[in-house]
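Examination of the molecular architecture
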Amino acid sequence: PEMLVVSEPQSVPVESLFIGIDASKSALVSRTLYITRLPGGTKKADVFSFGMILYELLTRQLPFYDCKMSLKQVLAHMQRDPDFRPALPPDDECPANFVDVIEDAWADCPEDRPSFTDILSAIKREHDPGTLVDNMVAMLEKYSSNLEELVEERTKALAEEKARSESILYQMIPKKVAQQLKAGNKIAAEQFEEVTVCFCDIVGFTKIAANSTPLQVIGLLNDLYSRFDKVIDSYNVFKLGTIGDAYIVVSGLPERTGPHHAPEIANTALDLMASINGFTIKHFPDLHLQLRIGIHSGPCVAGVVGLKVPHYCVFGDTVNIASRMESTGFALRIHLSSTTTRILRRIGGYHIETRGKINLKGKGPMVTSWLLGRDGFDKELPPWDRAIPEEHHDFKGIEILKEH
C-alpha cells in the first residue's frame, strides 16, 4: 500500500525502517516502499538501527508509535528536521545511561555516533547484571561467536567441495588444460611431435561378457579400472578413457617431457600387468584375468572436444598403431612398436626381446618387440605359461573360461 501507518506493528517491519537510513536520505525518500532493497549500508547506519532496537526494548513500543504518519512521511520529516527522533521516556522510567547510548546512536552526523565496541563497553559498565539488556548483550555475543564458527565451517566445506570438484575435473581433462578453461581461455588444438600411447585390453572379454549379466560386466570393469586408476597415479601419464574393455593412457602431453614419455608408459604397462596378480573376477573366481598391452610412440594432435561434457581427445596415426600393437599382441605380454623399442633401448635399463616382423593392417610390415621388464622392477609379472594360447584369444567356448 501507498500509506503505511507507523503505529500499526504489522505494517512496518522495524528492520525495514532503519537500514541505511543515513546512507542516502534522498534515495530513501524517493524509494520509501523499497527501502529494504537499497544496496550497501554502513556500520554507522547499523549503529543508528541499533539505537532504534534498544528504544523498542526499553519502551515496548515501535519507534514513532505516537505519530500517525506513513513511513514515507516519517522519512520526509527526518529529511527536513535532522533532530526528528522518537520521543524518549523520562529518566525515571529507564536508566539514564541507556538514554545516553540511544541519543548518541541517533546522532545526525554518522561520524558522531559511537562504535559498537564503545556501546558494548558502556552497557557492560553501567547496567546492573542480570537485566534484560545484560541477557540481550550476552545473546548478541553468543550469536556473533556462533556466526563466526558457522562461516568458518561453511567456508571449509566450500573449499573441500571445490577441491573434490577440481579433482573430478582433472581426471577428465589434464590439469594444465583445465586451469585454462577455468580462466575462460579458449583451448586450441595442439600438435605434439612425439608422445607414447598405451592400449590395455582384457583378452577374451567378448566371451566373458556373453556369459555374464550386465551388472556383472559393470562390476568387473569397475573393479579392474579402479585398480588401474590407482596404478597410474604413480606415473606422469594421463588416462584418455576407456572404450569397452580397452583402457587407454598417454604420456608426453599436454606438457612435453622430451623422450621420457616412453619410459613413463613402459613403467606404467609393467605395473598394470603386475596388478592383475591376485585379481579375482567375482562371478568367475577360477578364471585368471589376462591382459594384452600395446604401446607405440609418435606424433599426434590433442584438444578439448565438446562443451557440455568436455573431453580431452588425442587424434592421429599414433593412436591407431598403438591399438594395432594391442590387437596383434599375445595374452600377458606387452607389445612394443619399433619406435618405442628404439627410444627405450636408447634410454637403457629395459629388458626387451625382439618379436620379429609382423604385418600391420593398413601400415605394412613392422619389426616389433616384447617388453619383459626393467632394471629395479621387482614386482611379479604373470607367467607366460599361464597365457591363453593364441588360437583361443577370443575365448571361442565357455570351456576355455573354465580351464583357464
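No experiment lies behind these values; they were computed from the predicted model shown. (Residues numbered from 1 in each chain as written. Predicted model: local features only at pLDDT ≥ 70, side-chain atom pairs only at ≥ 80, totals over all residues. Heavy atoms only, no water.)

Examining a negative patch on the surface
Together, Glu148, Glu149, Glu152 and Glu153 make up a negatively charged patch on the protein surface. Among the structural elements, Glu153 can be located in helix 7 (residues 132-172). (Patch = residues over 30% accessible without salt bridge, like charges linked within 9 Å, V, L, I, M, F, W, Y side chains within 5 Å. Areas by Shrake-Rupley, 256 points an atom, 1.4 Å probe, with all protein chains shown as cover. Salt bridge = Lys/Arg side-chain N within 4 Å of Asp/Glu carboxyl O. Lys, Arg positive; Asp, Glu negative; His and termini not counted. Charge placed at Lys NZ, Arg CZ, Asp CG, Glu CD. Helix = DSSP H or I, 4+ residues; strand = E, 2+ residues; numbered from the N terminus.)

Some thoughts on the packing of aromatic side chains
Tallied over the entire structure, the rule returns seven aromatic pairs. Arranged with centres 5.1 Å apart and planes meeting at 75 degrees, the rings of Phe228 and Tyr247 form a pair that is edge-to-face. You can see Phe228 sitting in helix 10 (residues 214-232) and its partner Tyr247 sitting in strand 3 (residues 246-251), a full 19 residues away along the chain. On the basis of relative accessible area, Phe228 is assigned to the buried category, the value being 1%. One Lys or Arg, Arg333, reaches over the ring of Trp384 and ends 3.4 Å from the middle of that ring. A cation sits over an aromatic face here: Arg355 above Phe330, 4.8 Å from the ring centre. (Phe/Tyr/Trp six-rings, centres within 6.5 Å; stacked < 30°, edge-to-face > 60°. Buried < 20%, exposed > 50% of the residue type's maximum accessible area, 1.4 Å probe, protein only. Lys NZ or Arg CZ within 6 Å of the ring centre and 35° of its normal.)

A few points about the pairing of strand 5 (residues 311-315)
Because side chains alternate across strand 5, one face comprises the buried residues Tyr312 and Val314, and the other comprises His311, Cys313 and Phe315, none of which is buried. Here five bridges tie strand 4 (residues 291-305) to strand 5, and the two strands are oriented antiparallel to one another. Counterpart to Gly303 in the pairing with strand 5 is Cys313. Hairpin remark: strand 4 followed by strand 5, antiparallel, with five residues in the connecting loop; positive phi at Gly306, about 100 degrees. (Pairing = 2+ DSSP bridges.)

Quick notes on a nonpolar patch on the surface
Nonpolar side chains collect at one region of the surface, where Leu147, Leu150 and Val151 lie side by side and expose about 230 Å² of accessible area between them. Its place among the elements puts Leu150 in helix 7.

Looking at the pairing of strand 7 (residues 350-360)
With ten bridges connecting them, strand 7 and strand 8 (residues 364-374) associate as antiparallel partners. The residue of strand 8 that forms the bridge with Ile352 is Leu371. Taking the residues between adjacent antiparallel strands as the criterion, strand 7 and strand 8 are bridged by three residues, where Gly362 takes a positive phi near 80 degrees.

Some thoughts on the pattern of salt bridges
Where charged atoms from two side chains of opposite charge approach closely, those side chains can pair. Going through the model one piece at a time under the given rule, you end up with seven salt bridges. In this structure, Glu190 engages Arg256 in a salt bridge whose closest nitrogen and oxygen atoms are separated by 2.9 Å. Taken together, the positions of Glu190 in strand 1 (residues 190-202) and Arg256 in the loop between strand 3 and helix 11 (261-275) put the pair 66 residues apart, joining distant regions of the chain. On the basis of relative accessible area, Glu190 is assigned to the partly exposed category, the value being 32%. For Arg292, the salt bridge goes to Glu326, with nearest N and O atoms at 3.0 Å. Remark: Glu326 occurs in helix 12 (residues 317-327) and Arg292 occurs in strand 4; sequence separation between them is 34 residues. Residue classification places Arg292 among the buried positions, given a relative accessible area of 10%.

Comments concerning the packing of helix 11 against helix 13 (residues 338-347)
Orientation of helix 11 relative to helix 13, taken along the N-to-C sense of each, is 95 degrees, at an axis distance of 9 Å. Considered as vectors, helix 11 and helix 13 are oriented roughly perpendicular to each other. In contact with His261, Ala262, Pro263 and Ala266 of helix 11, helix 13 contributes Thr340, Ile343, Leu344 and Ile347. Taken together, the residues of the contact of helix 11 with helix 13 sort by class into six nonpolar, two polar and no charged. (Axes fitted to C-alpha atoms, helices over the stretch in contact; angles between N-to-C directions. Parallel < 35°, antiparallel > 145°, perpendicular 65-115°, else oblique. Contact = heavy atoms within 4.5 Å. Nonpolar A, V, L, I, M, F, W, Y, C, P; charged D, E, K, R; others polar.)

Comments concerning unusual backbone geometry
Cis geometry is adopted by the peptide bond preceding Pro254, which originates at Leu253 and carries an omega value of -5 degrees. Relative to the helices and strands, Pro254 resides in the loop between strand 3 and helix 11. With a phi close to 65 degrees, Leu332 is a non-glycine residue in the positive phi region.

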